[in-house]
Amino acid sequence: MTALQQILSGAGIVAQESPLRRSGRVLRPARTPAGAVVAFAVTAGLGLTTAEVVCALLGRPLGWLPVSDLLEFAAHHGWADLSLPALLTAAAGAVLLLLAAVPGRSRLVPVETSDPLIVIGITRVGLRRTLRAVAQEVEGVERARVRLRRRTIEVRVITGPESSGSMLRQVGSAVGDRLASVGTLAAAEVIVRLRRRGL
């Protein structure tokens, strides 16, 4: 692997990143097909336009693109005058540009490993089930529901009417211990909400 390939693949910044950030970056889908389509379309369009403009400046227009007709059309028409197919084409182009520029959302939650060459992820559903099972193991908890957010993990527990506030701390520490043992979401804050049955 050359130095350029290492830089482009991100190997040059591995030492600066935390293992969780690196895993999250690697597990995020790149949307390569949309990027390839957009790159090809933009390259072809700009290449044709450049060739036409350069040849027109030299006094020998190629005639591939009707530049003078397009300029005259743009001068005498507004956005309201465009046809529905033209608007749909412009909207599809904008959507393709967004898809190519913004990476997709990963379906896996990164897991921290000590080896920088290993990337591991756990499904969001699997992590929710694991944390829900841990919360339900706390004495007095009848049911639990877990929601994973960007920086927080919300755990809602349903208990009997005799439950106390110490149960919140027990559920929070149990969920935190499981997160630490799994090695994921190190920066996430655990929020526990308690609801008594019948209230």
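Structure first, text after, so check above.
For the structure given in this document, a descriptive report is provided here. (Residues numbered from 1 in each chain as written. Predicted model: local features only at pLDDT ≥ 70, side-chain atom pairs only at ≥ 80, totals over all residues. Heavy atoms only, no water.)

Let's shift gears to the overall build of the chain. On a plain count of helices and strands, the chain comes out with 7 helices and 5 strands. For the chain, buried positions account for 22% of its 199 residues. Put simply, the chain shows about 13,900 Å² of open surface, and 61% of that area lies on carbon and sulfur atoms. (Helix = DSSP H or I, 4+ residues; strand = E, 2+ residues; numbered from the N terminus. Buried < 20%, exposed > 50% of the residue type's maximum accessible area, 1.4 Å probe, protein only. Areas by Shrake-Rupley, 256 points an atom, 1.4 Å probe, with all protein chains shown as cover.)

Okay, the nonpolar core next. Judged by nonpolar contacts, the single largest core of 20 residues is most densely connected at L131, I153, V155, V157 and V171. Counting only elements with at least two residues in this core, the list comes to α6 (124–137), β3 (141–148), β4 (152–159) and α7 (166–182). No other element matches α7, which puts 5 residues into this core. Those residues in contact with L131 that lie beyond four places of it in its chain are V146, L148, I153, V175, R178 and L179. (Core = buried A, V, L, I, M, F, W, Y, C linked by side-chain atoms within 4.5 Å. Contact = heavy atoms within 4.5 Å.)

A few words on the sheet that holds strand β5 (residues 189–196). Strand order in this open sheet of 3 strands is β3-β4-β5, and the pairing throughout is mixed. One side of each edge strand has no neighbouring strand; the edge strands of this open sheet are β3 and β5. Across the sheet, the mean angle from the axis of one strand to that of its neighbour is 20°, orientation sign disregarded. Where β4 and β5 come together, 8 bridges link them in parallel fashion. In the strand pairing of β5, R156 is matched with R193. Along the sheet face, α6 touches β3 and β4 and points at about 150° away from the line of β3. (Pairing = 2+ DSSP bridges. Axes fitted to C-alpha atoms, helices over the stretch in contact; angles between N-to-C directions.)

A separate point is the pattern of salt bridges. Under the defined criterion, the tally for this structure stands at 3 salt bridges. For R149, the salt bridge goes to E154, with nearest N and O atoms at 3.5 Å. On the basis of relative accessibility, which here comes to 7%, the residue E154 falls in the buried class. In this structure, E154 and R156 form a salt bridge, with 2.8 Å as the shortest nitrogen-oxygen distance. (Salt bridge = Lys/Arg side-chain N within 4 Å of Asp/Glu carboxyl O.)

The subject of this paragraph is the environment of I153. Tracing the backbone shows I153 in strand β4. Given a relative accessible area of 1%, I153 falls into the buried group. Taking C-alpha positions, I153 is 9.9 Å from G176, a pair spaced 23 residues apart along the chain.

Where nonpolar side chains cluster on the molecular surface, the patch consists of V37, V95, L96 and L99 and spans about 290 Å² of accessible area. The dominant element in the nonpolar patch, judged by the number of residues it contributes, is helix α5 (residues 84–101), at 3 residues. Along the chain, V37 falls in helix α3 (residues 32–57). (Patch = residues over 30% accessible without salt bridge, like charges linked within 9 Å, V, L, I, M, F, W, Y side chains within 5 Å.)

We now examine the side chain of E52. Positionally, E52 belongs in helix α3. Although E52 is buried, it makes no salt bridge; R60 carries the closest opposite charge, 12 Å away. For E52, the side chain forms a polar contact with the main-chain nitrogen of L62, separated by 3.3 Å. Apart from residues no more than four positions distant in its own chain, E52 is found in contact with P61, L62, G63, W64, L65 and V67. (Lys, Arg positive; Asp, Glu negative; His and termini not counted. Polar contact = N/O pair within 3.5 Å; in protein donor to acceptor, adjacent residues only side chain to side chain.)

Where α6 contacts α7, the two axes come as close as 9 Å, and the packing angle between them is 140°. Classified by the angle their axes make, α6 and α7 are oblique. α7 is crossed by α6, and the crossing has right-handed handedness. Along the contact surface, α6 presents L127, T130, L131, V134 and A135, while α7 presents V171, A174, V175, R178 and L179. For the contact of α6 with α7, a count of residues per class yields 8 nonpolar, 1 polar and 1 charged. (Parallel < 35°, antiparallel > 145°, perpendicular 65-115°, else oblique. Left-handed = near helix turned anticlockwise from the far one by under 90°. Nonpolar A, V, L, I, M, F, W, Y, C, P; charged D, E, K, R; others polar.)

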